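# Architecture at a glance
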Amino acid sequence: MRNVSRWYGNVVAVNDITVTIGPGVTGLLGPNGAGKSTLMHMIAGFLAPSRGELTVGGTPSWRNPGIYRTLGLVPERDSVYAFLTGAEFVTASARLHKLPDPGAAARRAIEMVEMTGAQDRKISTYSKGMRQRIRVAGSLVHDPEVLLLDEPFNGMDPRQRLHMMDLLHGLGEQGRTILFSSHILEEVERVSGTIQVMVAGRLAASGDFRAIRRLMTTRPHVFLVRTSDDRGLGATLIGRPAVTGVELTDHGLSVRASDYGTFSREIAVLTRDQGIRLRELLPEDESLESVFAYLIDTDGPRAR
Amino acid sequence: MFGDQARVIASITIRATMGRKRALLFAIPPLILVLVTVLLKLAHPHDPSWPSQIVGIFGFTVVLPLTALIIGTSVVGAEVDEGSIVHLLATPVPRSVVIWSKYVVAAVLTAAFAAVPELLAGLIATGGLTKLTVGLFAGALAGSVMYNAVFVMISVLTTRAIAYGLAYVVVWEGLVGNFVSGARLLSVGQYSLGVANAIAHDGTALNASLSLGTSAVMGAIVTAAAIVIAVRALSAFSLKGDAI
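Along each chain, the written sequence defines residue order, and numbers are assigned to residues from 1. Naming scheme: in the order in which they are written, chains are lettered from A and ligands are numbered from 1. Side-chain atom pairs in this predicted model are given and counted only at pLDDT of 80 or more, local residue features only at pLDDT of at least 70, and totals for whole chains, interfaces and linings cover all residues.

### A closer look at the overall build of chain A
What counts is decided by this rule: The secondary structure listing takes helices from DSSP runs of H or I that are at least 4 residues long and strands from runs of E that are at least 2 residues long, numbered from the N terminus. We call two residues in contact if the C-beta atoms placed from their backbones are at most 7 Å apart.
Assigned secondary structure in chain A consists of nine helices and 15 strands. Sequence-distant contacts in chain A: of pairs separated by 6 or more residues, those separated by 24 or more amount to 67%.

This is the structure we're talking about:
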């Protein structure tokens, strides 16, 4: 991808992105509205870039159905032909790909997602996680080198999520290029490999997942504390190692803590010892946007 | 003409179209047609004027276009609305094969739900395979082929296919076509009537204003153009991003 942008009228959804995604598992992370889906659709050939050059395996994907011989797509919208059985759906996909032995290819793909037991049931009877897996089987049936998954973990329970992550991990190990998008960082804890973080249409950070993850857990947390004696508590708090900053505001104390767990424990003890009544304790920056904003600010993950 | 890819698409399309609640919707107009014909036959068994009015005019201005509209906009349009079309399009199947298979399904289903009832109503109304019956059946078959090309095209071009299709049938064919004779030259309904009338020879009652030649040539041009446009539009099918 070179200098790829996409805008809708005056709204820029994807802003001048240059990136190369190689074999292995890559996560495309970012808050909702960051442009992840737009980027995914462009890579998948379902949207024309407004500007820039985008190729998959050396060929442009827009207006090029031939690209789907080497590319598989699991779209975000969970819309399948519910009246088909799992096996019928995957076999249909194999036949559309003109595979020499559609039945065998379908069986292999269904096995890969561990859906053999349920393959003869109608898709309408599947759980969300099963539908997702059968969709993955449908897009894997032609053994593509590149697999794109748009928000594959949406609506999955933790067990299904783990299973999906293991599956993606395994596919990545086989040398395939797997790109998935997600707006929840915690969702991807089990995926090793590279992460591209997108915020407001731009590529904000990219690098090793573990480094980004570490930054996330060690990042300072901001709490809003309201007590019967804000000033008194503030004076005590600033002496604690886990606290890196205290500010007295109109709404109460704004406290920056370096360690979430220690601070939560300490504040309870401190207020009790000093006879201060704790009225409110609110984490201020738990929104996804602040997490992503933090990642951009530190710029740390860029160093690979 | 129909390879394996087309067969897969056609079979999924048939199951999807017949499985939706819309299937009930396109069964209603032909039912009404046959029912009204039976009632009129019982009430006026020997009156020669009503068969061409009911089976002809009502059949060709209401039943045929409405059935074609619901089916034609559903084969592609409903899948675009649901998002399941992506599963078809994320494969190397040529877009022409996608459109062609779905169009053939729409034309055949329309023939079954509009042309066959026309034949049935004609048989009941005129008491046998009269010129009128055969003419109306042929006209309705031609209409199934032509209308669906137009409606499939509209459903690829816009997500409001039913509204635009209805506007075309009611406003253009019904209203404008009635007052402006030139508009009839661009009216699938008139092409169908032209074909019907060439066999039935009942021009005044059927209100057909185009000759068979004009109907056939114009019908072929409109059908071919609509399919070409639909294929081109589907080749540039875009998914909306999360920015809007």
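Continuing now.
### Considerations on the interface of chain B and chain A
How we decide: Under the scheme applied, nonpolar residues are Ala, Val, Leu, Ile, Met, Phe, Trp, Tyr, Cys and Pro; charged residues are Asp, Glu, Lys and Arg; polar residues are all the others, including Gly.
At the interface, 28 residues of chain B touch 33 residues of chain A. When contributions to the side of chain B that touches chain A are tallied by element, the ones reaching two or more residues are helix H1 (4–19) and helix H4 (85–89) of chain B. Examining the composition of the side of chain B that touches chain A, we find that seven residues originate from one element, H1 of chain B, more than from any other. Partitioning the side of chain B that touches chain A into residue classes produces 14 nonpolar, nine polar and five charged.

### Looking at helix H8 (residues 188–200) of chain B
Residues and elements named next belong to chain B. Stated precisely, the cut-off is as follows: A helix is expected to span 1.5 Å multiplied by its residue count minus one. To sort residues by exposure, count the other C-beta atoms lying within 10 Å of each residue's C-beta; 20 or more gives buried, 12 or fewer gives exposed, and values between give partly exposed, all with C-beta atoms placed from the backbone.
Given a rise of 1.5 Å per residue, 13 residues ought to cover 18 Å, and the 18 Å separating the end C-alpha atoms of H8 matches this to within 8%. In terms of residue burial, H8 counts as a mostly covered element, since 11 of its 13 residues are buried. Among all positions of H8, only Val-188, Gly-189, Gln-190, Tyr-191, Ser-192, Leu-193, Gly-194, Val-195, Ala-196, Asn-197 and Ala-200 are buried. Positive phi appears at His-201, one or two residues downstream of H8, with a value of about 50°.

### Section: the sheet that holds strand E3 (residues 24–29) of chain A
Pairing between the strands of a sheet comes from backbone hydrogen bonds, and it takes one of two forms, parallel or antiparallel. All names here are of chain A. In plain terms, the rule: We call two strands paired when DSSP finds no fewer than two bridges between them. Axis lines are fitted through C-alpha atoms, for helices just across the contact stretch, and the angle between N-to-C directions can take any value from 0 to 180 degrees.
With mixed pairing, six strands are arranged side by side in an open sheet as E7-E8-E9-E3-E10-E11. Both outer strands of the open sheet, strand E7 (71–74) and strand E11 (202–208), are each paired with one neighbouring strand and no more. Taken pair by pair, the neighbouring strands of this sheet meet at an average axis angle of 15°, ignoring direction. Bridge count for strand E10 (residues 194–199) against E11 is six bridges, and the pairing is antiparallel.

### Some thoughts on the sheet that holds strand E13 (residues 243–249) of chain A
Residue and element names in this part refer to chain A. Taken in spatial order, the four strands make up an open sheet running E13-E14-E12-E15, and their pairing is antiparallel. Looking at which strands have only one partner, the edges of the open sheet turn out to be E13 and strand E15 (278–283). With strand direction ignored, the average angle separating the axes of adjacent strands in the sheet is 20°. By the bridge criterion, five bridges tie strand E12 (residues 221–227) to E15 in an arrangement that is antiparallel. Looking at E15, one finds that Arg-226 is bridged to Glu-280.

### Concerning the nonpolar core
Selection criterion: As used throughout, a nonpolar core is a set of buried Ala, Val, Leu, Ile, Met, Phe, Trp, Tyr and Cys residues joined through C-beta atoms within 7 Å of each other.
By size, the foremost hydrophobic cluster in this structure holds 136 residues, and its most contacted members are Val-90, Ala-109, Ala-137, Leu-148 and Met-198 of chain A together with Val-150 and Val-152 of chain B. In terms of residue count, the dominant contributor to this core is helix H6 (residues 131–157) of chain B (16 residues). What Ala-109 of chain A contacts, discounting residues up to four positions off in sequence, is Val-90, Ala-137, Leu-140 and Val-141 of chain A. Formed by 11 residues, the second largest nonpolar core is a distinct cluster that contains Leu-233, Leu-237, Val-246 and Phe-263 of chain A.

### Some thoughts on the environment of Arg-265 of chain A
Tracing the backbone shows Arg-265 of chain A in helix H8 (residues 260–274). For the pair Arg-265 of chain A and Met-42 of chain A, spaced 223 residues apart in sequence, the C-alpha separation works out to 48 Å.

### Thoughts on the environment of Thr-126 of chain B
With respect to the secondary-structure elements, Thr-126 of chain B resides in helix H5 (residues 95–126). Leave out the neighbours within four places in its chain, and Thr-126 of chain B touches Pro-51, Leu-132 and Thr-133 of chain B.

### Quick notes on the pairing of strand E9 (residues 177–182) of chain A
Residues and elements named next belong to chain A. Rules: When the strands point away from the viewer, a crossover counts as right-handed if the path from the first strand over the helix to the second runs clockwise.
Most of E9 is tucked away, with six of its six residues classed as buried. Neither face of E9 is exposed, since Thr-177, Leu-179 and Ser-181 on one face and Ile-178, Phe-180 and Ser-182 on the opposite face are all buried. Where E3 meets E9, six bridges bridge the pair, whose relative direction is parallel. Paired with Leu-29 across the strands is Ser-182, a residue of E9. Inspection of the sheet shows strand E8 (residues 146–149) paired to E9 by four bridges, in the parallel sense. Considered in E9, the bridge of Val-146 is made with Thr-177. As a crossover connection, the stretch from E8 through helix H5 (residues 158–173) into E9 is right-handed.

### A closer look at helix H2 (residues 86–96) of chain A
Most of H2 of chain A sits inside the fold, with 11 of its 11 residues counted as buried. Listing the buried residues of H2 of chain A in full gives Gly-86, Ala-87, Glu-88, Phe-89, Val-90, Thr-91, Ala-92, Ser-93, Ala-94, Arg-95 and Leu-96 of chain A. Where H2 of chain A is buried, its residues touch helix H3 (102–112) and helix H4 (128–140) of chain A together with H1 and H4 of chain B. Positive backbone phi, approximately 55°, marks Lys-98 of chain A, located one or two places after H2 of chain A.

### Looking at the packing of H6 of chain B against H8 of chain B
Residues and elements named next belong to chain B. Note the cut-off: Each angle receives one of four descriptions, namely roughly parallel if under 35 degrees, roughly antiparallel if over 145, roughly perpendicular if within 65 to 115, and oblique otherwise. Helix crossings fall into two classes, left-handed where the near helix is turned counterclockwise from the far one by less than a right angle and right-handed where it is turned clockwise.
Closest axis-to-axis distance for the H6/H8 pair is 7 Å, and the angle between their directions is 155°. In terms of orientation, H6 and H8 fall into the roughly antiparallel class. Here H6 and H8 pass one another in a crossing that is right-handed. The residue inventory of the contact of H6 with H8, partitioned by class, reads 16 nonpolar, five polar and one charged.

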